[in-house]
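Chain by chain, the residues:
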Number of protein chains: 2
Amino acid sequence: MRNVQIIIEYDGSAYCGWQRQINGISIQQKLEEALESIVGEKTTVIGAGRTDAGVHALRQSANFFTKVQIPAEKFPFALNSALPQDIRVVCAIERNGDFHSRFRAKRKTYLYRIYNRRVASPFYLNRAYHYAAEINLAAMQQGSKSLMGVHDFTAMSAAGSQTKSFEREIYDLTVQKTGDVIDMEVTGNGFLYNMVRILAGTLFYCGIGKITPEDIPSILKKKDRTLAGPTLPAEGLYLKEIFY
Amino acid sequence: MRNVQIIIEYDGSAYCGWQRQINGISIQQKLEEALESIVGEKTTVIGAGRTDAGVHALRQSANFFTKVQIPAEKFPFALNSALPQDIRVVCAIERNGDFHSRFRAKRKTYLYRIYNRRVASPFYLNRAYHYAAEINLAAMQQGSKSLMGVHDFTAMSAAGSQTKSFEREIYDLTVQKTGDVIDMEVTGNGFLYNMVRILAGTLFYCGIGKITPEDIPSILKKKDRTLAGPTLPAEGLYLKEIFY
């Protein structure tokens, strides 16, 4: 069996998320349907990041096994012909049999985007979290420093997360503003459920003065979800890159 | 009567253009309906640039006359509450009675955007012209130089343009690439019908080697539309700014 990795870009606005669900159309379903129309049989597409409803991807990574002898570089065009325009396969790469897009992922980068202007923009509709009032960028940047490194992120994960350990390492976390857009970019060895949206919400709360950057170490230490910032909306979140 | 100028941002994908039409919903109609719901009577909204179907605006300018004593700065919020989310009034300014958004415009800036990657992007769907093969940016930049200044643009206007003179002045024309996006930005004292899309098409033809940058002066001189490049699709065009 061949093992083919694909890199996928999608606008998640119209979907119930990456993973197949009974109620709603998922990215995975659309990809598996497109793949079946090409290879002629049901084929599971394994995704690296199981993005939620409304979450976007700039470079989602996935893989599938197939017996069909189509050269890897032909897959993007063939799949794109069968996919809706809001999901695009950017490239395909032949991998060894033991490659697994999720289990082999060493690092992931997510982007959280806030559109910060009094009036929302038609061009960021469903693609950023709109916030009308002023945001203190320096406070967000200050807060981000305390989140870098190895921490127990219980305080910044959704209640009921099923995981052995709440410890994760954040390698890099930047906050920058370009025009009216504030981008928070975070790279880590893994993320708990809703963790990026809660990290973003906590830095956002620093930016609007609801907490101070100095509060963050004690929020982490107390492991109390209610002390951290809100889970910001899915529409601002982008899975940006998977590293192996 | 008060004279109120408004600055409007819109994604034109869903509309038949700026101007009211019998078949199709226009930006003007949506604005006039929103305005009527606030001031209580039918009020004409005069737009500076009559953008075509599918064309976007970053800062369209318009004005209307009203007797209603709502402070100018209250109009954006009031209008936005009544408008669809793909049309936003960014600000409103009190003007003298003789201000006319179209007739008083001295300069206009348009942006034409090409998305240049083998695979189209979900995030530029309806918001850029997608071209998959290579484009020679230097050739486009070279070609742009011959378009600057005062010229008869007959060769670069749609057949049947109704105008006294085909002479226009281009003050500035830049071509630059950021990531996969090529932006052509042009500022002039006015533009003939379809002129920006044909200018963009002519520079695009320089970029893909269908004409050379050196051909442009003679294309202008011969006043023959068939020698210039194609009218690129509406979806890549943005009205960027109106200057008074």
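Everything quoted here is computed from the prediction, not taken from an experiment.

Undergrad: Quick one: what's the story with the overall build of chain A, residue by residue and with numbers?
TA: Regarding its fold elements, chain A presents five helices and 10 strands. Projecting the C-alpha coordinates of chain A onto the three principal axes gives extents of approximately 55 × 40 × 30 Å. Scored against the burial criterion, the 244 residues of chain A give a buried share of 53%. Here the analysis covers contacts within chain A between residues at least 6 apart in sequence; of these, 71% occur between residues at least 24 apart.

Undergrad: Which residues make up the interface of chain A and chain B, and what values go with them?
TA: A common measure of how large an interface is: the accessible area buried when the components associate. In this assembly, 24 residues from chain A lie in contact with 24 residues from chain B. Along the contact surface separating chain A from chain B lie two salt bridges. In this structure, the salt-bridge partner of E9 of chain A is R117 of chain B, at a minimum N-O distance of 2.7 Å. For the pair chain A and chain B, the interface holds six residue pairs in polar contact (both at pLDDT 80 or more). Elements with a minimum of two residues in the side of chain A that touches chain B: β1 (2-10), β3 (56-66) and β4 (87-95) of chain A. The element that contributes the greatest number of residues to the side of chain A that touches chain B is β4 of chain A, accounting for four residues. Looking at the side of chain A that touches chain B, its residues break down into 12 nonpolar, four polar and eight charged.

Undergrad: Just give me the short version of the domain arrangement of chain A, but keep the residues and values in it.
TA: Residue and element names in this part refer to chain A. Domain annotation of chain A identifies domain 1 (2-95) and domain 2 (107-243). Once you take the C-alpha centre of each, domain 1 and domain 2 turn out to be 27 Å apart. Taken together, the contacts link 15 residues of domain 1 with 15 residues of domain 2. Carbon and sulfur atoms supply 55% of the area buried between domain 1 and domain 2, which totals about 1200 Å² over both sides. Of all residues in domain 1, H56, L58 and R59 give up the largest surface area on contact with domain 2, accounting jointly for 42% of the area buried on that side. At the boundary of domain 1 with domain 2, the tally comes to three salt bridges. One salt bridge connects D11 with R127, and the closest N-O pair in it is separated by 2.9 Å. Summed over the shared surface of domain 1 and domain 2, the number is nine residue pairs in polar contact (both at pLDDT 80 or more). The residue inventory of the side of domain 1 that touches domain 2, partitioned by class, reads five nonpolar, seven polar and three charged.

Undergrad: Please give an account of unusual backbone geometry that cites residues and values.
TA: Residue and element names in this part refer to chain A. Located in the positive-phi region is N194, a residue other than glycine, with phi close to 70 degrees. By secondary structure assignment, the location of N194 is in the loop between β9 (181-188) and α4 (195-207). The exposure class assigned to N194 is buried, which follows from its relative accessible area of 17%. In this structure, K223 takes a positive phi of about 55 degrees despite not being glycine. With a relative accessible area of 45%, K223 lands in the partly exposed category.

What counts, and at which threshold
Within each chain, residues carry numbers counting from 1 in the order of the written sequence. For naming, the first written chain is A and the first written ligand is 1, with later ones following in the order written. Per-residue local features of the predicted model are confined to residues with pLDDT of at least 70, and side-chain atom pairs are confined, for both listing and counting, to 80 or more; whole-chain, interface and lining totals are unaffected and use all residues. Hydrogens and water molecules were not included; the side-chain quantities draw on all heavy atoms of the structure. In this description a helix means any DSSP run of H or I spanning at least four residues, a strand means any run of E spanning at least two, and both kinds are numbered starting from the N terminus. Under the scheme applied here, a residue whose accessible area is under 20% of the maximum for its type counts as buried, over 50% as exposed, and between as partly exposed, the area being computed with a 1.4 Å probe on protein chains only. We call two residues in contact when some of their heavy atoms are within 4.5 Å. Any carboxyl oxygen of Asp or Glu that lies within 4 Å of a side-chain nitrogen of Lys or Arg is treated as forming a salt bridge with it. Throughout this description, a polar contact denotes any pair of N or O atoms lying within 3.5 Å of each other; where both atoms belong to protein, one of them has to be capable of donating a hydrogen while the other can accept it, and for residues adjacent in sequence the pair is counted only when both atoms sit in side chains. Polarity classes work like this: nonpolar for Ala, Val, Leu, Ile, Met, Phe, Trp, Tyr, Cys and Pro, charged for Asp, Glu, Lys and Arg, and polar for all others, with Gly in that last group. The split into domains, and so the bounds of each, comes from an automatic or database assignment of domains. By definition, the buried area sums, over both parts, the 1.4 Å-probe accessible area that each loses when the two are put together.

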